[in-house]
Amino acid sequence: MTEVTTQKGHPKGLWVLFGTEMWERFNFYGMRALLSLFIAEALMMGDKDASIIYGGFLGLCYLTPMLGGYISDKYLGNRNCIILGGTAMAIGQLMLFLSASTFASNLPLAKSVMWVALLTIIFGNGFFKPNISSMVGSLYPKEQKSKLDSAFTIFYMGINVGATLGQFICPFFGDDKHDGIRNLGAFKWGFLAAGIAMILGTVVFFFLKNKYVVSPDGAPLGGKPNKADTPDDESAQAKFTLPNILLAGAMLVGLTLFFHYFLDGPGVSPIKAWLYPFIYGSGISLAFLIVSDKTITKIEKDRIFVLYIVCFFVIFFWAAFEQAGSSLTFIADKQTDTNILGWQMPPTMVQNFNGIFVIIFALPFSALWLWMQKRKMEPISTVKQALGLGLIALGYYIIATQVKDLGINGKVGVIWMIILYLLHTWGELCLSPIGLSLVAKLAPKRFASLLMGVWFLGNAAGYALTGTLGALLPPTTDKYIDAQKKNIDLQGILDGRKEPDGNELYTLAKMKISADIDYDKGKKNGFDFVKIFEKKDSVLTTAQLSTIQSEKLIAVGYPKFMGFTLKSLYDFFMLFVVLCGVAALLLYGLTPLIKKLMHGVR
Ligand code: GLN
């Protein structure tokens with residue numbers, strides 16, 4: 001028997017996967033920090049296109065793991081897929097390096113290379129992410145599955161060490177801005193740093209896998225699927241029949257169309273209009289396809305059903321959590337006093353507290369679960385996750401009480417944002433690594449990576465919802481001031497005391513102040529609003545302006561959600577309190593049913 005276990009009781013292979021994933025997340029988050037700036041400024045595509053490309057890119061990165069998971073479970077195995085995915089991501093980063101080295105002399109070439117690079121990274125992430133995560137699970141034989149929550153929490157620390165370092169080092173080399181002027185030639189060094197990190201991660205895994213990523217008796221883990229290596233009766237390959245595959249395909253088309261028409265509706269950007277519905281549709285049709293497999297037993301089906309319940313609830317978690325990158329950073333920028341003992345913290349830095357807190361608290365949380373387990377006090381996974389949802393609701397509740405009486409020029413102290421991130425991070429540690437671990441505990445071996453893909457699809461759906469909910473941010477103080485400069489009484493219009501004329505509507509829409517634009521109706525009336533708003537200085541005729549008013553092509557009002565009107569930051573934060581609070585209670589309330597469906601797994 002090879003010595004593969006450390007004193008603390010975790011196999012050494014965990015540290016190999018920790019290191020591999022650390023470098024991969026370094027590469028992913030480091031590049032992510034530069035990507036939209038690079039597209040907007042160096043490739044000269046503008047802020048709007050950059051953020052649309054960025055959103056679509058992230059959505060696809062969390063959509064492809066189901067494909068990578070499927071191919072791994074059925075044909076290639078974890079090891080091959082990790083090496084394939086890591087290599088692809090490294091090549092993608094080197095292509096970004098190439099694009100960032102050529103944009104000044106050949107812009108069209110640089111743009112084409114960027115597109116191919118992003119597709120390569122999306123493909124690579126799809127192969128890498130579900131497979132490295134499901135390999136953590138396979139390090140632990142059946143009788144050690146109780147260590148999984150603790151193991152995944154340690155693994156999660158690796159994710160965040162990498163993410164935090166990457167978000168620091170790649171911009172350090174790649175974002176060179178002095179006196180308000182950015183040196184666009186520097187981007188390439190950031191992408192190169194990300195590429196080197198990915199090469200390191202892949203090489204680490206390649207050379208250490210045979211020695212450490214092995215079962216307790218020394219057999220290599222994560223090889224090609226094959227009937228012979230499943231002594232535990234979980235036949236090694238999934239069997240989807242052709243009619244079921246066709247049915248799932250038809251469901252995907254039908255659901256995508258359904259979500260396209262009934263959720264976001266036509267008229268929004270193509271990514272929002274098609275990609276988000278496609279993500280929601282893929283989740284449901286894939287879920288159907290897996291349970292239609294003929295080899296699944298009743299117990300397996302029950303356990304998979306628990307995963308589906310969890311995947312549904314985590315959508316709300318990520319939708320609230322990922323406001324960090326959008327509305328919360330925006331609030332940090334516009335309505336937060338970021339002065340700490342005389343030092344002015346850059347607003348974009350506030351969200352880094354998340355990564356830092358994960359690094360500080362991951363090991364204590366992992367130890368806490370083991371400590372509770374020894375005393376038979378450890379709650380089951382879904383109760384931890386309900387707690388995670390509760391913590392995120394609490395974080396929003398605390399900040400909501402702080403902004404309640406801010407008034408027109410008030411700013412919230414940055415300490416409250418830090419407390420919010422502390423609670424959100426604790427919530428994340430109760431929910432996200434525990435979710436990865438739950439997949440490992442509940443998934444039959446032949447579906448381990450595919451179901452990991454489903455878990456990430458739940459995350460992707462959460463990201464899509466993030467975009468929708470983030471757009472509900474009511475006008476912040478700066479908007480009222482901007483409107484006043486143009487002699488527009490925004491408060492009066494929002495409260496319905498004043499009927500806006502066409503000119504005011506158009507001006508507010510141009511200033512992006514809570515304007516709803518009806519693109520389709522606009523087209524019927526001869527307005528191509530997409531084009532009009534792209535040109536910053538376009539002037540409309542008096543007749544056009546009065547059509548806008550009479551046909552109600554542009555509407556200005558407070559954001560509305562499920563019948564509620566969100567008038568202030570307080571309302572906005574309370575939306576997340578209610579959403580996550582209700583989700584927490586519902587998930588907690590389902591505990592007896594979940595316990596039954598888990599058949600002995602905790
Ligand atoms: N930050 C974590 C990671 O990169 C979790 C992201 C997610 O699952 N949505 O793995």
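Nothing here was measured: the structure is a model prediction, and the numbers come from that model. (Residues numbered from 1 in each chain as written. Predicted model: local features only at pLDDT ≥ 70, side-chain atom pairs only at ≥ 80, totals over all residues. Heavy atoms only, no water.)

**Some details on the environment of Ala110**
- By the secondary structure assignment, Ala110 is in helix H4 (residues 107-138).
- Put simply, Ala110 and Phe97 are 13 residues apart on the chain and 9.8 Å apart in space, counted from C-alpha to C-alpha.
- Not counting residues up to four positions away in its chain, the partners in contact with Ala110 are Leu43, Ser99, Thr102 and Phe103. (Helix = DSSP H or I, 4+ residues; strand = E, 2+ residues; numbered from the N terminus. Contact = heavy atoms within 4.5 Å.)

**Overview of the site of the ligand**
- Lining the immediate surroundings of the ligand are Arg25, Tyr29, Tyr62, Lys129, Tyr156, Ile159, Trp318, Asn459 and Tyr463.
- In this structure, an oxygen atom belonging to the ligand sits 2.5 Å away from a side-chain N or O atom of Lys129.
- Taking Asn459, its side chain carries an N or O atom lying 3.3 Å from a nitrogen atom of the ligand.
- Protein chains bury 95% of the 290 Å² of accessible surface belonging to the ligand in isolation.
- Within the residue set of the shell around the ligand, elements represented by two or more residues are helix H1 (13-42), helix H5 (148-174) and helix H14 (448-470).
- Tallied by class, the residues present in the shell around the ligand amount to six nonpolar, one polar and two charged. (Near = heavy atom within 4 Å. Polar contact = N/O pair within 3.5 Å; in protein donor to acceptor, adjacent residues only side chain to side chain. Areas by Shrake-Rupley, 256 points an atom, 1.4 Å probe, with all protein chains shown as cover. Nonpolar A, V, L, I, M, F, W, Y, C, P; charged D, E, K, R; others polar.)

**Regarding the packing of aromatic side chains**
- Inspection of every chain in the model, using the stated rule, returns 31 aromatic pairs.
- Centre to centre, the rings of Phe168 and Phe172 are 6.1 Å apart; their planes meet at 25 degrees, and the pair counts as stacked. In this pair, Phe168 and Phe172 both sit in helix H5, four residues apart, roughly one turn of the helix.
- The interplanar angle of 85 degrees and the centroid separation of 5.2 Å between the aromatic rings of Phe206 and Phe207 together place this pair among those described as edge-to-face.
- A relative accessible area of 42% means that Phe206 is categorised as partly exposed.
- By the ring-pair criterion, three or more aromatic residues cluster together here, those being Phe38, Phe103, Phe187 and Phe191. (Phe/Tyr/Trp six-rings, centres within 6.5 Å; stacked < 30°, edge-to-face > 60°. Buried < 20%, exposed > 50% of the residue type's maximum accessible area, 1.4 Å probe, protein only.)

**Focus on the nonpolar core**
- Ranked by internal contacts, the top residues of the largest apolar core, which has 169 residues, are Phe38, Phe57, Tyr396, Leu451 and Phe573.
- Among the elements that line this core, the one with the most residues is helix H9 (residues 298-321), at 16 residues.
- The residues touching Phe38, leaving out its near neighbours within four places in the chain, are Leu43, Ser99, Ala100, Phe103, Met114, Phe187 and Phe191.
- Formed by 21 residues, the second largest nonpolar core is a distinct cluster that contains Ala483, Leu490, Ile532 and Leu540. (Core = buried A, V, L, I, M, F, W, Y, C linked by side-chain atoms within 4.5 Å.)

**Some thoughts on the confidence of the model for the protein chain**
- Summarising the model, the protein chain shows a mean pLDDT of 88, and 95% of its residues fall at 70 or more.
- Segment residues 1-7: pLDDT under 50, and 16 contacts once partners within four positions in sequence are set aside and those in other chains are kept. (pLDDT = per-residue confidence, 0-100.)

**Notes on the side chain of Lys188**
- Its location among the elements puts Lys188 in helix H6 (residues 187-212).
- This buried residue, Lys188, is left without a salt bridge; Asp176 holds the nearest opposite charge, at 10.0 Å.
- One polar contact links the side chain of Lys188 to the main-chain carbonyl oxygen of Gly185, over a distance of 3.0 Å.
- Ignoring any residue separated from it by four or fewer positions in sequence, one finds Lys188 in contact with Phe97, Ala100 and Ser101. (Lys, Arg positive; Asp, Glu negative; His and termini not counted. Salt bridge = Lys/Arg side-chain N within 4 Å of Asp/Glu carboxyl O.)

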